[in-house]
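Given next are the chains, with one letter for each unit.
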Amino acid sequence: MNSFDLIVLGSGPGGYVAAIRASQLGMKVAVVERESLGGICLNWGCIPTKALLKSAQVFNYINHAKDYGIEVSSAKADFGAVVKRSRGVADGMSKGVQFLLKKNKITVIMGNGKLVAANKIAVTDANNQTTEYTAPHIIVATGGRSRELPNLKQDGKKIIGYREAMTLPTQPKSMLIVGSGAIGVEFAYFYHSLGTKVTIVEYMPRMVPVEDEDVSKELEKQYKMLGIDVYTNTNAEKIETTATGCQVTLKSNKDGATKVIDCEVVLSAVGVTPNTENIGLETLGIQLDKGFIITNQYYQTNVKGVYAIGDVIKVNNAPHPALAHVASAEGILCVEHIKGMHVEPINYNNIPGCTYCQPEIASVGYTEAKAKEAGYDIKVGKFPFTASGKASAAGHKQGFVKVIFDAKYGEWLGAHLIGANVTEMIAEVVVARKLETTGHEIIKSIHPHPTMSEAIMEAAAAAYGEVIHL
């Protein structure tokens, strides 16, 4: 009963997907989970945050109904009800994972798992009872958590992480967010939309610093127009809690000038750190780098029979995107490699990134700066949504589509989108790049009218001097 072909430690979007694929391939599989099925993504990340953001979007629509010729007398956001809806969505998704695991005859073991050998995991349950389970293959998929900076210690009340930000008992009147990555800008939009005074502090010279510079500039412009205060190239040097909230001392990285801001709550959104402590990695001698597990392109660690996927890894010691869809893809590839199937290693330069603030951001491949750094002679095309009929009709003219092609061969090097619903549009670029589509093939692929996706075709045409609607 305690012996399996594969044991997966963690049931997030990497772990449960790997388990299901393994079961499909005829393996006897167990999943070990210490908290809730679905991991951070379904319970505290991707899904519940999108529920919060949808409530904010609906509230914004109501408040701007007059722009669409509709009179609404009054609207009020019930913060508690918004949070409750989000938690309900998360609970439903977690139950969905439970159903999928049961459907695929996967054994679920609840408790804290720890590797005690290359083929053995000890699981301690809620009653402090420990049971050992064996398998020739073990996948570590324990995910990540909110990273803490030395001067940004979270107390869960006044200095919080993303978990607390999703379940605050009352809506704060003011919030300072440290970090302008996806987590930071999404919560900024949510809380601002419901009436909280929001300030964003970013250490790097621009917002969403991993994105193309044009996207960063556009988002900062839109956020400032909304009334969100943005401080880039700035360090949150000191945070002191007070009787009413927090007092934050900001210091400019440019000239050293300081500024003190009072707020009720500080949200730390400075990235994630891997959950690799206390799971037996050191006992087995598994190679780590700053807490991340080092794997090869098939997610094998240096210990035979032990694999790792998702937010806990560095592939060949290179930086790794902490994204749910990446973990899922890695889980499938890892299991198929275990079964001896021919698999193609993941091309990490063709991983789409999506940020669900308003306007949304979606990107894949090289930024303009990175393409130049890589030595490409490039063609760049840009099409603003102000020129899109669908965007005008929808009342969402903010943003643009920017595409980058190799001038010599027409290879699609990258795409960077900011605007309404662009997270639904980026898949076209990912598939086209996978199929090695050229710029001219995109131009000659007839896109439906009127749609937001026409902007991709128009941007490609702009890169080659053939754009019609500019």
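The following refers to the structure shown. (Residues numbered from 1 in each chain as written. Predicted model: local features only at pLDDT ≥ 70, side-chain atom pairs only at ≥ 80, totals over all residues. Heavy atoms only, no water.)

### With respect to the overall build of the protein chain
Phase 1: A count of helices and strands for the protein chain gives 14 helices and 26 strands.
Phase 2: For a compact globule of 470 residues, the expected C-alpha radius of gyration is about 23 Å, and the protein chain comes in at 24 Å, within 12% of that figure.
Phase 3: The principal-axis extent of the C-alpha atoms belonging to the protein chain is close to 65 × 60 × 50 Å.
Phase 4: Per-residue burial over the protein chain gives 51% buried out of 470 residues.
Phase 5: The contacts in the protein chain between residues at least 6 apart in sequence include a share of 61% that link residues at least 24 apart.
Phase 6: When the accessible surface of the protein chain is split by element, carbon and sulfur atoms take 52% of a total near 21900 Å².
Phase 7: For the protein chain, the distance from the average position of its 47 positive side-chain charges to the average position of its 46 negative side-chain charges is 4 Å. (Helix = DSSP H or I, 4+ residues; strand = E, 2+ residues; numbered from the N terminus. Rg over C-alpha atoms; globule rule 2.2 N^0.38 Å. Buried < 20%, exposed > 50% of the residue type's maximum accessible area, 1.4 Å probe, protein only. Contact = heavy atoms within 4.5 Å. Areas by Shrake-Rupley, 256 points an atom, 1.4 Å probe, with all protein chains shown as cover. Lys, Arg positive; Asp, Glu negative; His and termini not counted. Charge placed at Lys NZ, Arg CZ, Asp CG, Glu CD.)

### Remarks on helix α12 (residues 426-434)
Phase 1: Taken residue by residue, α12 has Ile426, Val429, Val430, Ala432 and Arg433 as its buried positions. Projected onto a plane normal to the axis of α12, the buried residues spread over an arc of 170° and lie on a single side. (Arc of directions from axis to C-beta.)

### With respect to the state of the cysteines
Phase 1: Using the criterion set out here, one finds zero disulfides in the structure.
Phase 2: For Cys354, which is in no disulfide, the shortest distance to another cysteine sulfur is to Cys46 and amounts to 11 Å.
Phase 3: Under the relative-accessibility criterion, Cys354 is labelled buried at 18%. (Disulfide = S-S within 2.5 Å.)

### Some details on the sheet that holds strand β21 (residues 313-315)
Phase 1: The three strands lie next to each other as β18-β19-β21, forming an open sheet whose pairing is mixed. Each edge of the sheet is formed by a strand with only one pairing partner; in this case those strands are β18 (288-289) and β21.
Phase 2: Across three bridges, the pairing between strand β19 (residues 292-295) and β21 is parallel. Each residue of the ladder has a partner; that of Ile294, found in β21, is Lys314. (Pairing = 2+ DSSP bridges.)

### Notes on the side chain of His416
Phase 1: Considering the arrangement of structural elements, one finds His416 in strand β26 (residues 412-419).
Phase 2: Here Tyr366 takes part through its backbone oxygen, which lies 2.7 Å from a polar atom of the side chain of His416.
Phase 3: Apart from residues lying up to four places away in sequence, His416 is in contact with Asp212, Val215, Ala362, Ser363, Val364, Gly365, Tyr366, Thr367, Phe400, Val401, Lys402 and Ile404. (Polar contact = N/O pair within 3.5 Å; in protein donor to acceptor, adjacent residues only side chain to side chain.)

### Things to note about the packing of aromatic side chains
Phase 1: Following the criterion strictly, the structure yields nine aromatic pairs and no others.
Phase 2: Ring geometry for Phe405 against Tyr464: centres 5.7 Å apart, planes inclined by 50°, an arrangement best described as tilted. On the criterion of sequence distance, the pair formed by Phe405 in strand β25 (residues 400-406) and Tyr464 in the segment after α14 (454-463) is long-range, its members being 59 residues apart. Like Phe405, the residue Tyr464 is buried in the burial classification.
Phase 3: The structure contains a cluster of three or more aromatic residues connected by ring pairs, namely Phe79, Phe187, Phe190 and Tyr191. (Phe/Tyr/Trp six-rings, centres within 6.5 Å; stacked < 30°, edge-to-face > 60°.)

### Focus: the pattern of salt bridges
Phase 1: Applying the stated criterion across every chain, the model contains 19 salt bridges.
Phase 2: Where Lys221 meets Glu218, a salt bridge forms, and the shortest distance between an N and an O atom there is 3.5 Å. Of the two residues, Lys221 and Glu218 both sit in helix α7 (residues 213-226), three residues apart, roughly one turn of that helix.
Phase 3: A residue is classified by how much of its surface remains accessible, and Glu218, at 11% relative accessible area, is buried.
Phase 4: Between Lys372 and Glu368 there is a salt bridge, with its nearest N and O atoms 3.2 Å apart. (Salt bridge = Lys/Arg side-chain N within 4 Å of Asp/Glu carboxyl O.)

### Quick word on the packing of helix α1 (residues 15-24) against helix α9 (residues 324-338)
Phase 1: Axis separation between α1 and α9 bottoms out at 8 Å; the angle between their running directions is 35°. The handedness of the crossing between α1 and α9 comes out as right-handed. Across from Val17, Ala18, Arg21 and Ala22 in α1, the residues of α9 making contact are Ser328, Gly331, Ile332, Val335 and Glu336.
Phase 2: Within the contact of α1 with α9, the residues separate by chemical class into five nonpolar, two polar and two charged. (Axes fitted to C-alpha atoms, helices over the stretch in contact; angles between N-to-C directions. Left-handed = near helix turned anticlockwise from the far one by under 90°. Nonpolar A, V, L, I, M, F, W, Y, C, P; charged D, E, K, R; others polar.)

### Looking at helix α4 (residues 79-103)
Phase 1: When the terminal C-alpha atoms of α4 are compared, their 36 Å separation across 25 residues agrees well with the 36 Å that a helix rising 1.5 Å per residue should span.
Phase 2: Of the residues making up α4, those classed as buried are Phe79, Val82, Val83, Ser86, Arg87, Ala90, Ser94, Val97 and Leu101.
Phase 3: Along its buried surface, α4 packs onto α1, α2 (39-44), α3 (46-63), β3 (107-110), α5 (162-166) and α6 (182-193).
Phase 4: Positive backbone phi, approximately 60°, marks Lys105, located one or two places after α4. (Expected span 1.5 Å × (residues − 1).)

### Concerning the environment of Tyr356
Phase 1: Among the secondary structure elements, Tyr356 is positioned in the loop between β22 (353-355) and β23 (360-365).
Phase 2: On the accessibility criterion, Tyr356 (29% relative accessible area) is partly exposed.
Phase 3: Apart from the residues within four sequence positions on either side, Tyr356 is in contact with Lys50, Leu53, Glu186 and Thr423.

### Let's talk about the side chain of Thr234
Phase 1: Take Thr234: it is sitting in strand β13 (residues 234-241).
Phase 2: Of the polar contacts made by the side chain of Thr234, one reaches the backbone oxygen of Thr232; its length is 2.7 Å.

### What to know about the sheet that holds strand β20 (residues 306-308)
Phase 1: Spatial strand order, β3-β2-β1-β7-β20: five strands in an open sheet with parallel pairing. Strands at the two margins of the open sheet, each flanked by one partner only, are β3 and β20. The sheet shows a mean angle of 20° between the axes of neighbouring strands, direction not considered.
Phase 2: Looking at chain direction, strand β1 (residues 6-9) and strand β2 (residues 29-33) are connected through four bridges and run parallel. The residue of β2 that forms the bridge with Ile7 is Ala30.
Phase 3: Packed onto the sheet, α9 meets β1, β7 (137-140) and β20 and runs at close to 165° relative to β7.

### A closer look at the environment of Ala182
Phase 1: Mapped onto the fold, Ala182 is located in helix α6.
Phase 2: According to the relative accessible area criterion, Ala182 is partly exposed, its value standing at 35%.
Phase 3: Along the backbone, Ala182 and Gly353 are 171 residues apart, and their C-alpha atoms lie at a distance of 9.5 Å.

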